[in-house]
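# Report on the structure
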Amino acid sequence: YLMMENDKNLSFSGAVQLLANWLNEDTTDLVKKSRQKIETSEKVAPYTEFYVNSQMKERAKPENKEIYTELVKGLFRGCSIDEMRAGCKAFDIGLNKFETEEGTQVRLFIPEYDENKIAWGSYRYNRNYTSRKGLLRKNCKRILFGSHLLKFYNKEKPIIVSEGHSDVVVNVAKYLQC
């Protein structure tokens, strides 16, 4: 029910409000932040399943094993090998290589799934870059990151709301409801 309401294209604070309402929590103490919504051109279509799978296949290539392992260990620092595997599986983390003016960049590819497991956007992460560690897909529908996992959560246990993609991924890897 919560994510069916997400077609309103909510902000982060709006999504927090929806989640609090879903959990029947008092929201009077929540800090309310609001930003002016920026109108953009028509949103891009979601990624195809083929594209997401191709990013996961890229990580399996023998020539990419070393860099993929290094990037995963950087994202999941402080996690065990089993927790790293659980996080990679929960979010279908792949490997993305692309050309820029500075040359080839290699980043982890983390699809942003909605509650129906449709990948609307992505977060491409490499903690070794000094300029920008994470890149979001431009001009796509913004969803509550990790919402594809909500149906598996126990409503009686606490749910951690995190703003950062890497925080959500690591918390899920640690078997927390995030």
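What counts as what
- Residues numbered from 1 in each chain as written.
- Predicted model: local features only at pLDDT ≥ 70, side-chain atom pairs only at ≥ 80, totals over all residues.
- Heavy atoms only, no water.
- Helix = DSSP H or I, 4+ residues; strand = E, 2+ residues; numbered from the N terminus.
- Contact = heavy atoms within 4.5 Å.
- Areas by Shrake-Rupley, 256 points an atom, 1.4 Å probe, with all protein chains shown as cover.
- Buried < 20%, exposed > 50% of the residue type's maximum accessible area, 1.4 Å probe, protein only.
- Expected span 1.5 Å × (residues − 1).
- Arc of directions from axis to C-beta.
- Core = buried A, V, L, I, M, F, W, Y, C linked by side-chain atoms within 4.5 Å.
- Phe/Tyr/Trp six-rings, centres within 6.5 Å; stacked < 30°, edge-to-face > 60°.
- Lys NZ or Arg CZ within 6 Å of the ring centre and 35° of its normal.

### Observations concerning the overall build of the protein chain
- Of the regular secondary structure elements, the protein chain holds 5 helices and 4 strands.
- For the protein chain, the succession of helices and strands along the chain, N to C, is α-α-α-α-β-β-β-β-α.
- Expressed as a percentage of contacts within the protein chain between residues at least 6 apart in sequence, the contacts between residues at least 24 apart total 56%.
- Here the protein chain displays about 11,300 Å² of accessible surface, and carbon together with sulfur accounts for 52% of that area.

### Re the environment of Cys88
- The topology assignment puts Cys88 in helix H4 (residues 81-91).
- Looking at Cys88, the relative accessible area reads 9%, which means it is buried.

### Re helix H2 (residues 49-60)
- Compared with an ideal rise of 1.5 Å per residue, which puts 12 residues at 16 Å, H2 spans 17 Å between its outermost C-alpha atoms and is within 8% of the ideal.
- All of the buried residues in H2 are Val52, Gln55, Met56 and Glu58. End-on view of H2: buried residues confined to an arc of 150°, all on one side of the axis. Relative to its buried face, H2 has exposed residues pointing more than 90 degrees away, namely Glu49, Phe50, Lys57 and Ala60.
- Elements that come into contact with the buried residues of H2 comprise strand E1 (94-100), strand E2 (103-113) and strand E3 (119-125).

### Notes on the nonpolar core
- Phe76, Phe91, Ile93 and Leu108 are the most contacted members of the largest nonpolar core, which totals 30 residues.
- For this core, the element with the most residues is helix H5 (residues 165-173), which contributes 5 residues.
- Ile93 has contacts with Met56, Arg59, Tyr68, Leu75, Phe76, Gly87, Cys88, Leu108, Phe109, Ile110 and Val169, leaving out every residue within four places of it along the chain.

### Describing H4
- When H4 is considered as a whole, its buried residues turn out to be Glu83, Met84, Ala86, Gly87, Cys88, Ala90 and Phe91.
- Just past H4, the residue Asp92 takes up positive phi, approximately 50°.

### Digging into the packing of aromatic side chains
- By the definition in use, this model includes 5 aromatic pairs.
- Here the aromatic rings of Tyr47 and Tyr51 are separated by 4.9 Å at their centres, their planes lie at 15°, and the arrangement is stacked.
- Exposure remark for Tyr47: the relative accessible area of 17% places this residue in the buried category.
- Aromatic pair Tyr51 and Phe109: ring centres 5.7 Å apart, planes at 80°, arrangement edge-to-face. Of the two residues, Tyr51 sits in helix H2 while Phe109 sits in strand E2, which places them 58 residues apart along the sequence.
- The partly exposed category is assigned to Tyr51, whose relative accessible area is 30%.
- Within the aromatic cluster, the residues linked to one another by ring pairs are Tyr47, Tyr51 and Phe109.
- Over the face of the ring belonging to Phe98 we find Arg124, whose NZ or CZ atom lies 4.3 Å from the ring centre.
- The ring of Trp120 carries the charged tip of Lys141 above its face, separated from the ring centre by 4.8 Å.

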